[in-house]
Amino acid sequence: MATSKSSTPDETRLDDHLDKPSTTAPGDGPADTTDPDERASSATPDKAAAAKAGHGTVNAVVPLPKKATAKRTGKDRTETYTAARPDGTEVTVERNIETGESSVKEG
């Protein structure tokens, strides 16, 4: 986990422990993660151990094993269409159906 000079992390990853609060980057919640391949599952926290250690909250989500993703093969499918910007200018939009990525070209 990347951390800054303070104890606040720059990124949020799911914690494996269930006896203290989860560590998150500013603005992230306990089940948030900045890793797009990380998945969360709820778990039974150890509230007694957390309370004994003086914690007011406790982590209740753990990471699931990462899924093996198959590499895509073949040519990506795309769609192209025209659309109007709010000012009325016509643009061409190209969207990759496989990835969901879109790009906008003038005219």
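Everything here concerns the structure above.
Notes on the structure in this doc start here. Since the structure is predicted, the reported quantities are computational estimates derived from the model, not experimental observations. (Residues numbered from 1 in each chain as written. Predicted model: local features only at pLDDT ≥ 70, side-chain atom pairs only at ≥ 80, totals over all residues. Heavy atoms only, no water.)

Let's talk about the overall build of the chain
We apply this condition: Helix and strand labels come from DSSP, where a helix needs a run of H or I of at least four residues and a strand needs a run of E of at least two; each type is numbered from the N terminus. Remark: exposure states derive from per-residue accessible area (1.4 Å probe, protein chains only) relative to the maximum for the residue type, with buried under 20%, exposed over 50%, and partly exposed in between. It only takes one pair of heavy atoms within 4.5 Å for two residues to be counted as in contact. When charges are tallied, Lys and Arg are placed among the positive residues and Asp and Glu among the negative ones, while His and the ends of the chain are skipped. To locate a charge, the coordinates of NZ of Lys, CZ of Arg, CG of Asp or CD of Glu are taken.
Regarding its fold elements, the chain presents one helix and five strands. In sequence order, the secondary structure elements of the chain are arranged as β-α-β-β-β-β. A principal-axis box enclosing the C-alpha atoms of the chain has dimensions of 65 × 35 × 25 Å. By residue count, 14% of the 107 residues in the chain fall in the buried class. Considering only contacts within the chain whose residues lie at least 6 apart along the sequence, 31% involve residues at least 24 apart. Taking the average place of the 15 positive charges on the side chains of the chain and the average place of its 19 negative ones, the gap between the two points comes to 4 Å.

What about the side chain of aspartate 35?
What counts is decided by this rule: Whenever a nitrogen or oxygen atom comes within 3.5 Å of another N or O atom, the pair is scored as a polar contact, on the condition that within protein one atom can donate a hydrogen and the other can accept it, and that pairs from neighbouring residues in sequence are kept only if both atoms are in side chains.
Relative to the helices and strands, aspartate 35 resides in the segment before strand E1 (40-42). Classification of aspartate 35 by relative accessible area gives buried; the value is 13%. There is a polar contact of 2.5 Å between the side chain of aspartate 35 and the side chain of lysine 66. For aspartate 35, the contacting residues outside a window of four places in its chain are Thr12, Arg13 and Lys66.

Considering the sheet that holds strand E5 (residues 102-106)
Formally: Any two strands between which DSSP finds at least two bridges are classified as paired. Fitting a line to C-alpha atoms yields each axis, with helices limited to the stretch in contact; the angle taken between N-to-C directions then spans 0 to 180 degrees.
Across the sheet, which stays open at both edges, the three strands sit in the order E3-E4-E5 with antiparallel pairing between neighbours. Sheet topology places strand E3 (78-84) and E5 at the edges, where each strand pairs with a single neighbour. In this sheet, adjacent strand axes meet at a mean angle of 25° when their direction is disregarded. Of the strand pairs in this sheet, E3 and strand E4 (residues 90-96) are connected by seven bridges, and their pairing is antiparallel. Paired with glutamate 79 across the two strands is arginine 95, which belongs to E4.

Comments concerning the pattern of salt bridges
Put simply, the test is: Note on definitions: salt bridges are taken to be side-chain nitrogens of Lys or Arg within 4 Å of carboxyl oxygens of Asp or Glu.
Scanning all chains against the criterion turns up five salt bridges. Note that glutamate 11 and arginine 13 form a salt bridge whose closest N and O atoms lie 3.8 Å from each other. The class for glutamate 11 is partly exposed, based on a relative accessible area of 31%. Overall, arginine 13 belongs to the partly exposed group, its relative accessible area being 25%. Its salt-bridge partner being glutamate 79, residue arginine 95 comes within 2.8 Å of it at the nearest N-O pair. Residue arginine 95 is found in strand E4, and its partner glutamate 79 is found in strand E3; the two are separated by 16 residues along the sequence. Overall, the relative accessible area of 26% leaves arginine 95 in the partly exposed class.

Things to note about the environment of proline 9
Considering the arrangement of structural elements, one finds proline 9 in the segment before E1. Since its relative accessible area comes to 3%, proline 9 is described here as buried. Considering only alpha carbons, one finds proline 9 and arginine 72, 63 residues apart in sequence, at a separation of 33 Å.

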